Amino acid sequence: MTKALVLFSGGQDSTTCLAWALEKYDEVTALTFDYGQRHRVEILQSYKVAELAGVKHDVMKIDLFSKMSKNALTHDVEIDPGGNGNLPSTFVPGRNLLFLSLATIKAYQLGMSDVITGVCQTDYSGYPDCRDDFIQSLQKSCSLALDKEMTIHTPLMFMTKAETVEMINKHGKLDWLAESHTCYEGQRPACAKCPACLLRLKGFAEAGMKDPLPYL
Ligand SMILES: [Zn+2]
């Protein structure tokens, strides 16, 4: 029996990874981190998508990020898309470093050696810990730390947002995206204006498909 752990935020990309994993593995567990997100709706929606997917869902609370850094996801800071050498204000330093390390430890405890994450280098929004180099390096570090060959799968790494839309559609789970959460403003219906909503809408437009998520 094959088993895998999906790092699951309840967003579009990790929802797509859940659909991908369910075709590939016999048993899938979703792991969500409650890291003090300003918008609690993210956690709520993660429960809804996990229920739709019919997977085991583990929500782990870690409150380190809200204490260590002031960013737009954990604090009331203006959303700034960055650019010109500046990182976006939504960047949470070290988030994937910690999340993926913890997910790998959790997978190890569950007797799994496969962890899946929806990080993407193509549309990486300037986040350095979404790059393939970093993932390869962390996979090696985690394997050494646990003395077990761990694999961090990144099925979306080199895809455009349009291709990820096509991917979940191909798996027949496009409707799950109605419950996924993307909006940086925490709005449902989504605001359609923040950088996250704009990136998501652009992907659907390029794929020539309609997003099942309601927008304002
Ligand atoms: Zn938005």
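Rules used in this analysis
- Residue numbers restart at each chain and count upward from 1, following the sequence in its written direction.
- With pLDDT at 70 or above as the cut-off, local features in this predicted model cover only qualifying residues; side-chain atom pairs require 80 or more to be listed or tallied, and sums for whole chains, interfaces and linings still use all residues.
- The helix and strand labels rest on DSSP assignments: H or I over at least four residues marks a helix, E over at least two residues marks a strand, and numbering proceeds from the N terminus.
- Buried means a residue has 20 or more other C-beta atoms within 10 Å of its own C-beta, exposed means 12 or fewer, and partly exposed covers the counts in between; C-beta atoms are placed from the backbone.
- Residues are treated as contacting if the C-beta atoms built from their backbones sit within 7 Å of each other.
- For two strands to count as paired, DSSP must find a minimum of two bridges between them.
- Geometry is summarised by axes, namely lines fitted to C-alpha atoms with helices restricted to the contacting stretch, and by angles between N-to-C directions that run from 0 to 180 degrees.
- In plain words, the nonpolar core is the set of buried Ala, Val, Leu, Ile, Met, Phe, Trp, Tyr and Cys residues that C-beta atoms within 7 Å link up.
- How far a helix is expected to stretch is found by multiplying one less than its residue total by 1.5 Å.
- In this scheme the crossing of two helices becomes right-handed for a clockwise turn of the near helix relative to the far one and left-handed for an anticlockwise turn of less than a right angle.
- Residue polarity follows a fixed list, in which Ala, Val, Leu, Ile, Met, Phe, Trp, Tyr, Cys and Pro are nonpolar, Asp, Glu, Lys and Arg are charged, and the others, Gly among them, are polar.
- By the criterion used throughout, a crossover qualifies as right-handed when its path from the first strand across the helix to the second strand runs clockwise, the strands pointing away from the viewer.

**Student:** What is the right way to look at the overall build of the chain in this model?
**Tutor:** When helices and strands are tallied, the chain shows seven helices and five strands. When the helices and strands of the chain are listed from N to C terminus, the series reads β-α-β-α-β-α-α-β-α-β-α-α. Buried positions account for 38% of the 216 residues belonging to the chain. Taking as baseline every contact in the chain between residues at least 6 positions apart, the subset at least 24 positions apart corresponds to 67%.

**Student:** Explain the sheet that holds strand E1 (residues 3-7) to me, please; I cannot follow it from the model alone.
**Tutor:** Consider a sheet: its strands pair through backbone hydrogen bonds, and that pairing is either parallel or antiparallel. On the basis of which strands lie adjacent, the open sheet formed by five strands has the order E3-E2-E1-E4-E5 and parallel pairing. Sheet topology places strand E3 (56-61) and strand E5 (151-153) at the edges, where each strand pairs with a single neighbour. Across the sheet, the mean angle separating the axes of adjacent strands is 25 degrees when strand polarity is ignored. Pairing analysis gives five bridges linking E1 to strand E2 (residues 27-34), with the strands arranged parallel. Note on E2: the bridge partner recorded for Ala 4 is Val 28. Sheet contacts for helix H1 (residues 12-24): E1, E2 and strand E4 (114-116); angle to E1, the most-contacted strand, approximately 175 degrees. Against the sheet, helix H4 (residues 95-109) engages E1, E2, E4 and E5, with an angle of about 155 degrees to E1.

**Student:** Even after reading the chapter, I still don't get the nonpolar core, so can you show me in this structure?
**Tutor:** General note: in soluble globular proteins, nonpolar side chains tend to be found buried as a group. By size, the foremost hydrophobic cluster in this structure holds 50 residues, and its most contacted members are Leu 5, Val 6, Leu 7, Leu 18, Ala 21, Ala 103 and Val 115. Ranked by residues supplied to this core, first place goes to H1 with five residues. Every residue in contact with Ala 21, bar those within four places of it in the chain, is listed here: Ala 4, Val 6, Val 28 and Ile 116.

**Student:** Whenever I open this one, the pairing of E3 confuses me. Can you help?
**Tutor:** Regular strands place side chains that alternate from one sheet face to the opposite one. Sheet analysis places E2 next to E3, joined by six bridges and oriented parallel. In the strand pairing of E3, Phe 33 is matched with Met 60.

**Student:** In this structure, what is going on with H1? I would like to understand it.
**Tutor:** Residues three or four positions apart in an α-helix share a direction because the helix packs 3.6 residues into each turn. Its 13 residues give H1 an end-to-end C-alpha distance of 19 Å, which sits within 8% of 18 Å, the value for a rise of 1.5 Å per residue. Counting buried positions over the 13 residues of H1 gives 10, a clear majority of the element. Within H1, the full set of buried residues consists of Gln 12, Asp 13, Ser 14, Thr 15, Thr 16, Cys 17, Leu 18, Ala 19, Trp 20 and Ala 21. In the core, the buried residues of H1 are packed alongside E1, E2, helix H2 (41-53), E4, helix H6 (161-170) and helix H7 (195-207).

**Student:** What's the story with H4 in this structure? I'm lost.
**Tutor:** In a regular helix each residue adds 1.5 Å, so 15 residues correspond to 21 Å; H4 covers 21 Å between its end C-alpha atoms and thus fits that length. Its buried side turned inward, H4 meets E1, E2, E4, helix H5 (132-146) and E5. Two residues or fewer past H4, Gly 111 is found with a positive phi of approximately 75 degrees.

**Student:** Sorry, what's going on with the packing of H1 against H6 here?
**Tutor:** Two measures define how a pair of helices packs: the angle their axes make with one another and the distance between the axes. Two elements in contact, H1 and H6, have axes whose closest approach is 9 Å; the angle formed by their N-to-C orientations is 40 degrees. Viewed along their axes, H1 and H6 form a crossing whose handedness is left-handed. For the pair H1 and H6, the contacting residues are Asp 13, Thr 15, Thr 16, Ala 19 and Trp 20 in the first and Thr 164, Met 167 and Ile 168 in the second. Split by residue class, the contact of H1 with H6 holds four nonpolar, three polar and one charged.

**Student:** Explain the pairing of E2 to me, please; I cannot follow it from the model alone.
**Tutor:** Burial within E2 is extensive, with six of its eight residues counted as buried. In this region the chain leaves E1, passes through H1 and returns to the parallel neighbour E2; the handedness of that crossover is right-handed. Note that the unit made of E2, H2 and E3 has a crossover that is right-handed.

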